[in-house]
Amino acid sequence: MTKINYYQMQCETIKNISNLKNKPKLLIHVCCAVCGSYPISYLENYFDITIYFNNSNIYPDTEYSRRLDELKKYLQLNNSSAKLIVTQYDNQAYNNGLKPLADEREGGKRCWYCYGKRMNEGYKFASENKYDYYCTIMSISRQKDSQKINEIGKKLSNLYPNTKYFYSDFKKNGGILKANEILKEFNLYKQNYCGCIYSYQDMLNRLK
Ligand code: SF4
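Residues numbered from 1 in each chain as written. Predicted model: local features only at pLDDT ≥ 70, side-chain atom pairs only at ≥ 80, totals over all residues.

1. Quick look at the pairing of strand 2 (residues 48–53)
Across five bridges, the pairing between strand 1 (residues 25–29) and strand 2 is parallel. For H29, the partnering residue across the bridge sits in strand 2 and is Y52. Across four bridges, the pairing between strand 2 and strand 3 (residues 83–86) is parallel. Its bridge partner being in strand 3, T50 is matched across the sheet by K83. (Pairing = 2+ DSSP bridges. Helix = DSSP H or I, 4+ residues; strand = E, 2+ residues; numbered from the N terminus.)

Below, the structure written as structure tokens:
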């Protein structure tokens, strides 16, 4: 199947909105400071940003708190004007949905479910609260399939037509390099697994 150039779509949207009198309102799903830092600092130039920290996938709870604290630290140190919404954390309920897909490899069907669940919850909130755009920063990760993430975004945009989906591929144009520079500059914590209990167990197995 032909791959769609979502980075080009990202640039086209930025070009289209950059001359607007008022910045459009963007609700952006962020999973951690490391992945979020570069997209947030870039998008703040063009959007009025609200971060949606909706990550009940993260196991255990101490790791969830650490990632959230690190994101708050980054926003403060970088004098970010982004607002932050933190949804209720319920890893047990989240895991009930992941369990049937426990044996799937990372990057496969389990992850597609996980992207879709969090994106749907965020998109619904964006639509109900009249945001102009919704986006997730997950495309910055090397381990995550940008094509899949944007396909999910497209499907959700049909469900919530009053909020546009911001198509993006943040790893392109040196995105990962820029994120690593910010990581060093602010001395941010970088986790060594994606988030759920299955990726946590894989990480422990790698360390054995
Ligand atoms: S590896 Fe990451 S994206 Fe995949 S199911 Fe686990 S937390 Fe979700």
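2. Some thoughts on the packing of helix 2 (residues 33–43) against helix 7 (residues 175–185)
Helix 7 packs onto helix 2 with a crossing angle of 110° between their chain directions and a minimal axis gap of 8 Å. Looking at the two axes, helix 2 sits roughly perpendicular to helix 7. Each of V34, C35, S37 and Y38 in helix 2 lies in contact with helix 7, whose residues at this interface are G175, K178, A179, I182 and L183. Of the residues assigned to the contact of helix 2 with helix 7, the class counts are six nonpolar, two polar and one charged. (Axes fitted to C-alpha atoms, helices over the stretch in contact; angles between N-to-C directions. Parallel < 35°, antiparallel > 145°, perpendicular 65-115°, else oblique. Contact = placed C-beta atoms within 7 Å. Nonpolar A, V, L, I, M, F, W, Y, C, P; charged D, E, K, R; others polar.)

3. Section: the site of the ligand
As a structural note, the neighbourhood of the ligand is formed by N57, L98, E106, R110, C111, C114, C194, G195, C196, Y198 and S199. Of all the elements, helix 5 (residues 109–128) adds the most residues to the shell around the ligand, at three residues. Of the residues belonging to the shell around the ligand, the class tally is six nonpolar, three polar and two charged. (Near = placed C-beta within 6 Å.)

4. Observations regarding the sheet that holds strand 4 (residues 133–136)
Strand order in this open sheet of five strands is 3-2-1-4-5, and the pairing throughout is parallel. Pairing within the sheet leaves two strands with one partner each, and these edge strands are strand 3 and strand 5 (164–165). Sheet topology note: the strand 4/strand 5 ladder contains two bridges and is parallel. For Y134, the partnering residue across the bridge sits in strand 5 and is Y165.

5. Looking at helix 3 (residues 61–77)
An α-helical segment advances 3.6 residues per turn. Residues three or four places apart therefore align on the same side. The end-to-end C-alpha distance of helix 3, which contains 17 residues, comes to 24 Å, matching closely the 24 Å that a straight helix rising 1.5 Å per residue would cover. Every buried residue of helix 3 is listed here: R67, E70, L71, Y74 and L75. Summarising the axial view, the buried residues of helix 3 lie within an arc of 135°, below the 170-degree limit, and thus occupy one face. Residues of helix 3 that are exposed and point more than 90 degrees away from the buried face comprise D61, T62, S65, D69 and Q76. Where helix 3 is buried, its residues contact helix 2, strand 2 and strand 3. Count one or two residues on from helix 3 and you reach N79, which has phi positive near 50°. (Expected span 1.5 Å × (residues − 1). Buried ≥ 20, exposed ≤ 12 C-beta atoms within 10 Å, placed from the backbone. Arc of directions from axis to C-beta.)

6. Here we look at the packing of helix 2 against helix 3
The geometry of helix 2 relative to helix 3 is characterised by a closest axis approach of 9 Å and an angle of 30° between their N-to-C directions. Taken as axis vectors, helix 2 and helix 3 run roughly parallel relative to one another. As helix 2 packs across helix 3, the resulting crossing turns out to be right-handed. Residues A33, G36 and S37 of helix 2 pack against E70, L71 and Y74 of helix 3. For the contact of helix 2 with helix 3, the residue count by class is three nonpolar, two polar and one charged. (Left-handed = near helix turned anticlockwise from the far one by under 90°.)

7. With respect to helix 6 (residues 146–159)
Along its 14 residues, helix 6 runs 20 Å from first to last C-alpha, staying within 8% of the 20 Å computed at 1.5 Å per residue. Every buried residue of helix 6 is listed here: S146, I149, N150, I152, G153 and L156. In a view along the axis of helix 6, the buried residues occupy a sector of 155°, so they form one face of it. In helix 6, the exposed residues that point more than 90 degrees away from the buried face are K154 and N158. Those residues of helix 6 that are buried are in contact with helix 1 (6–17), helix 5, strand 4 and strand 5.

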